[in-house]
Amino acid sequence: MLEAVIVDDEIKALQSLSWELTNLSDEVDIIASFTDAHEALGYLENHTPDCLFLDIEMPAMDGFQFIKNLKNKDFPVVITTAYNQYALQALKNEAIDYLLKPIDTDDLELTIAKIKKFNAKNLTIERLEKILLNFNAESQSKKITINTDGKLVFLNSDDILYAESDGNYSTIFLTDGQKILLTKKLKEVNTLLPDNSFFRIHNSYIINLNKIKEFLKTDGYVVLESNHKIPVSRQKKSDFLDML
């Protein structure tokens, strides 16, 4: 059963689409419908439907603003509108489909098929991700799991030299010269790394203790095996020496 939510400021358009969906298939269940975009956003913060049918031209907030304000985006969005000039923008906002009002029944059937295919694919991906994460957690040679660019990367801790902060982003530097950019702050990256071999030596750096080649006490720097020179903050110096 597909659980659908409809958002449209025109009550007649909302009722019409609801009727079409309900009569099109007994596999579609309208779990909520809204003429107020703000009410719909509040509902979707705590509920995850299988799909959202969203109008574009609404008075308080248009459909694209609505998508930007969505905190939970784990479901496909179908744009419904009487105007065809929004098609390209709909694609840029990752809408799964674009239906012109009055909505044709054949087009609606194709959209339902797209939604089912999309959800089935995502369910398979989620299951596979859980299997991989569980396998890694139970493995005796546990690896560090990094989620980046729509993929899971499994790293041996020995392959990591250091991590560097860049505001809300971080970069992990590997022994083979590769870099992995993460949309995580350094403190979040710190929780992924084992405490016994990694140390946050500076507000902007976490280093692999096993990769230290030299510690320049006077200058307050460590030199890694890769010859990268990393500063040691004054606040961290005492704790760092204790770790060594």
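See above for the structure.
All of these numbers come straight from a predicted model, not from anything done at the bench.

## Focus on the packing of aromatic side chains
Here the distance between the centres and the angle between the planes together describe a pair of aromatic rings. Within this structure, the stated rule accounts for 3 aromatic pairs. Look at Phe 34 and Tyr 43: their rings are 5.3 Å apart centre to centre, the planes differ by 50 degrees, and that puts the pair in the tilted class. Residue Phe 34 is classed as buried on the basis of its relative accessible area of 11%. Considering the side-chain rings of Tyr 162 and Tyr 205, the 6.2 Å spacing of their centres and the 50 degrees angle between planes classify their relative orientation as tilted. With a gap of 43 residues between them, Tyr 162 in strand E8 (residues 160-166) and Tyr 205 in strand E12 (residues 205-208) connect regions that are remote in the sequence.

## Notes on the side chain of Ser 170
By the secondary structure assignment, Ser 170 is in strand E9 (residues 169-174). One polar contact links the side chain of Ser 170 to the main-chain amide nitrogen of Leu 186, over a distance of 3.3 Å. Discounting residues that sit within four places of it in the chain, Ser 170 has contacts with Glu 164, Ser 165, Ile 180, Leu 181, Leu 182, Lys 184, Lys 185, Leu 186 and Val 189.

## Re the pairing of strand E11 (residues 198-202)
Here E11 runs beside E12; their pairing, made up of 4 bridges, is antiparallel. Within E12, the position partnered with Phe 199 by the bridge is Ile 207. The antiparallel hairpin formed by E11 and E12 contains 2 residues in its connecting segment.

## Overview of the sheet that holds E9
In spatial order, the strands read E10-E9-E8-E12-E11; together these 5 strands make up an open sheet with antiparallel pairing. If you trace the sheet from one side to the other, it starts and ends with strand E10 (179-182) and E11, each paired once. Across the sheet, the mean angle separating the axes of adjacent strands is 20 degrees when strand polarity is ignored. The pairing of E9 with E10 spans 4 bridges and is antiparallel.

## A look at the sheet that holds strand E3 (residues 51-55)
Judged by pairing direction, the sheet is parallel, and its 5 strands sit side by side in the order E2-E1-E3-E4-E5 without closing on themselves. Edge positions in the open sheet fall to strand E2 (28-34) and strand E5 (97-100), since each of these has one partner strand only. Strand-to-strand twist of the sheet, defined as the mean angle between neighbouring strand axes without regard to direction, takes the value 20 degrees. Two elements, strand E1 (residues 2-7) and E3, share 4 bridges in a ladder whose sense is parallel. Residue pairing in the sheet places Val 7 in a bridge with Leu 54 of E3.

Parameters and conventions
- Residues numbered from 1 in each chain as written.
- Predicted model: local features only at pLDDT ≥ 70, side-chain atom pairs only at ≥ 80, totals over all residues.
- Heavy atoms only, no water.
- Phe/Tyr/Trp six-rings, centres within 6.5 Å; stacked < 30°, edge-to-face > 60°.
- Buried < 20%, exposed > 50% of the residue type's maximum accessible area, 1.4 Å probe, protein only.
- Helix = DSSP H or I, 4+ residues; strand = E, 2+ residues; numbered from the N terminus.
- Polar contact = N/O pair within 3.5 Å; in protein donor to acceptor, adjacent residues only side chain to side chain.
- Contact = heavy atoms within 4.5 Å.
- Pairing = 2+ DSSP bridges.
- Axes fitted to C-alpha atoms, helices over the stretch in contact; angles between N-to-C directions.

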